[in-house]
Amino acid sequence: MSTQRLAELPDAVLRLIEKASGPVVDVGTVNAGRNSAIAARVRTTEHKLFVKGLPLDHPWVWTQKREADISPHVRGIAPELRWHVEADGWSLLGFDYVEGGHADFTPESPDLPAVMTTMAQLAEVPAPGIELKDMAHRLRTYVEDPADLSWFAGNSLLHTEWNPHNVIMADGGALLVDWGWASRGAAWIDPALWLLWLIAHGHTPVQAEGEAAAHPAWGLAPPAGLDALARVQRRLWDSIATESKDNWAKPMQHATRTWDTHRNTTA
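The shown structure was predicted, so the numbers you read here are calculated from the model rather than taken from an experiment.

**Concerning the overall build of the chain**
Then step 1. Tallying secondary structure elements over the chain gives eight helices and 11 strands in all.
Then step 2. Taken over C-alpha atoms, the radius of gyration comes to 19 Å for the chain, in line with the 18 Å a tight globule of 267 residues would show.
Then step 3. Counting only C-alpha atoms and orienting by the principal axes, one finds that the chain spans roughly 65 × 35 × 35 Å.
Then step 4. Split into buried and exposed, the 267 residues of the chain put 50% on the buried side.
Then step 5. For the chain, restricting intrachain contacts to residue pairs at least 6 apart in sequence, the fraction spanning at least 24 positions comes to 69%.
Then step 6. Total accessible area on the chain is roughly 12,400 Å²; 50% of this is exposed by carbon and sulfur atoms.

Below you can see the structure in the form of structure tokens.
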């Protein structure tokens, strides 16, 4: 479900920002992303911020709290969260604004090693004691054999949303944003989900798995678990592509079908 982006900040939102960070000097709308009603570059007299927000009655407003809860656990690999406010009908997050572009996931991109470095740092973070979705629970409707869900169990903190718009390249490194769908599960799941986006951006399955193999948990991934995840992701993205008009849905559907065929076709 995409969320309509507001072109201008409501007065109530401006008042909340000013209460948290001082008088607003300049506002610029950020077009990337699809999950926030508000996504803006905001300069105040004291700070330069990225502010994202949803109405308190939005069905995905829980993702705002999820990001706020995770923020202390991902310092150094994500922009710093300055504040989270819920008032006047809005849930708002104010992050330090990071100058940089989105990651390039095409073959031989110079961004790939930095993305992997950050992903490996994330793999060292155990799932914190906060409310998180469990990967087996998230994927339960996309398996034919419920026993396949056991492959996805684990206690690692996973980002799971590897759209390149969620990776900002800055100062030679990669920072991860949009943690609303962070989950708990097996550590090898993140590189496996990342490789699907690599395929969607031009990698072959062999090339994409080669990039994923640099992840410290990839060698622990059971082949049967990878096969099961490929099947699940194909069903999931078939469902998304059927319902979504976003321009990335069809390429991701093709990527998941390509990886599933690679992993599950008997020679």
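**As for the pairing of strand 3 (residues 48-55)**
Then step 1. Across six bridges, the pairing between strand 2 (residues 38-44) and strand 3 is antiparallel. When the bridges of strand 3 are listed, Ala39 appears paired with Lys52.
Then step 2. Connecting strand 2 to the next strand, strand 3, in antiparallel fashion are three residues.
Then step 3. Pairing of strand 3 with strand 5 (residues 90-96), which is carried by seven bridges, proceeds in the antiparallel orientation. Looking across to strand 5, one finds that Leu49 is bridged to Asp96.

**Quick notes on the sheet that holds strand 10 (residues 173-176)**
Then step 1. Ordered in space as 6-9-10, the three strands form an open sheet in which the pairing is antiparallel. If you trace the sheet from one side to the other, it starts and ends with strand 6 (101-102) and strand 10, each paired once.
Then step 2. Across two bridges, strand 6 lies against strand 9 (residues 167-170) in antiparallel orientation. Directly across from His102, in strand 9, lies its bridge partner Ile168.
Then step 3. Contacting strand 9 and strand 10, helix 3 (residues 112-123) crosses the sheet at an angle of about 50° to strand 10.

**So, empty space enclosed by the protein**
Then step 1. Counted by the stated rule, this structure contains three cavities of 30 Å³ or more.
Then step 2. Roughly 40 Å³ of volume is contained in the second largest cavity.
Then step 3. Lining of the second largest cavity is provided by Glu67, Ile70, Ser71, Val74, Ala78, Pro79, Phe95 and Trp179.
Then step 4. Here the lining of the second largest cavity is built from residues that sort into six nonpolar, one polar and one charged.

**Points about the nonpolar core**
Then step 1. Counting 60 residues, the largest nonpolar core has Val115, Phe152, Trp179 and Trp188 as its most contacted members.
Then step 2. If one sorts the elements of this core by residue count, helix 5 (residues 189-200) sits on top with nine residues.
Then step 3. Leaving out residues up to four positions away in the same chain, Trp188 has contacts with Trp151, Phe152, Ala217, Trp218, Leu220, Ala221, Pro222, Gly225, Leu226 and Leu229.
Then step 4. Counting residues in each nonpolar core, the second largest holds 17 residues, with Leu16, Ile17, Leu54 and Trp60 among its members.

**Here we look at the pattern of salt bridges**
Then step 1. Here the structure, examined in full by the defined rule, presents 13 salt bridges.
Then step 2. We note a salt bridge from Glu99 to Lys48, for which the minimum N-O separation is 2.7 Å. Linking Glu99 in the loop between strand 5 and strand 6 with Lys48 in strand 3, this pair joins segments that are 51 residues apart in sequence.
Then step 3. For Glu99, a relative accessible area of 52% puts it in the exposed group.
Then step 4. Residue class for Lys48 comes out partly exposed when judged on its relative accessible area of 36%.
Then step 5. Note that Asp227 is salt-bridged to Arg263, the shortest N-O span being 2.7 Å. Here Asp227, found in helix 7 (residues 223-243), pairs with Arg263, found in helix 8 (residues 249-264); they are 36 residues apart in sequence, far enough to count as distant.

Conventions used here
Residues numbered from 1 in each chain as written. Predicted model: local features only at pLDDT ≥ 70, side-chain atom pairs only at ≥ 80, totals over all residues. Heavy atoms only, no water. Helix = DSSP H or I, 4+ residues; strand = E, 2+ residues; numbered from the N terminus. Rg over C-alpha atoms; globule rule 2.2 N^0.38 Å. Buried < 20%, exposed > 50% of the residue type's maximum accessible area, 1.4 Å probe, protein only. Contact = heavy atoms within 4.5 Å. Areas by Shrake-Rupley, 256 points an atom, 1.4 Å probe, with all protein chains shown as cover. Pairing = 2+ DSSP bridges. Axes fitted to C-alpha atoms, helices over the stretch in contact; angles between N-to-C directions. 1 Å grid on protein atoms, 1.4 Å probe; cavity = no way out; pocket = protein on both sides within 12 Å on 5 of 7 lines; lining within 4 Å. Points joined across faces, edges and corners; volume = space filled by probe spheres on them. Nonpolar A, V, L, I, M, F, W, Y, C, P; charged D, E, K, R; others polar. Core = buried A, V, L, I, M, F, W, Y, C linked by side-chain atoms within 4.5 Å. Salt bridge = Lys/Arg side-chain N within 4 Å of Asp/Glu carboxyl O.

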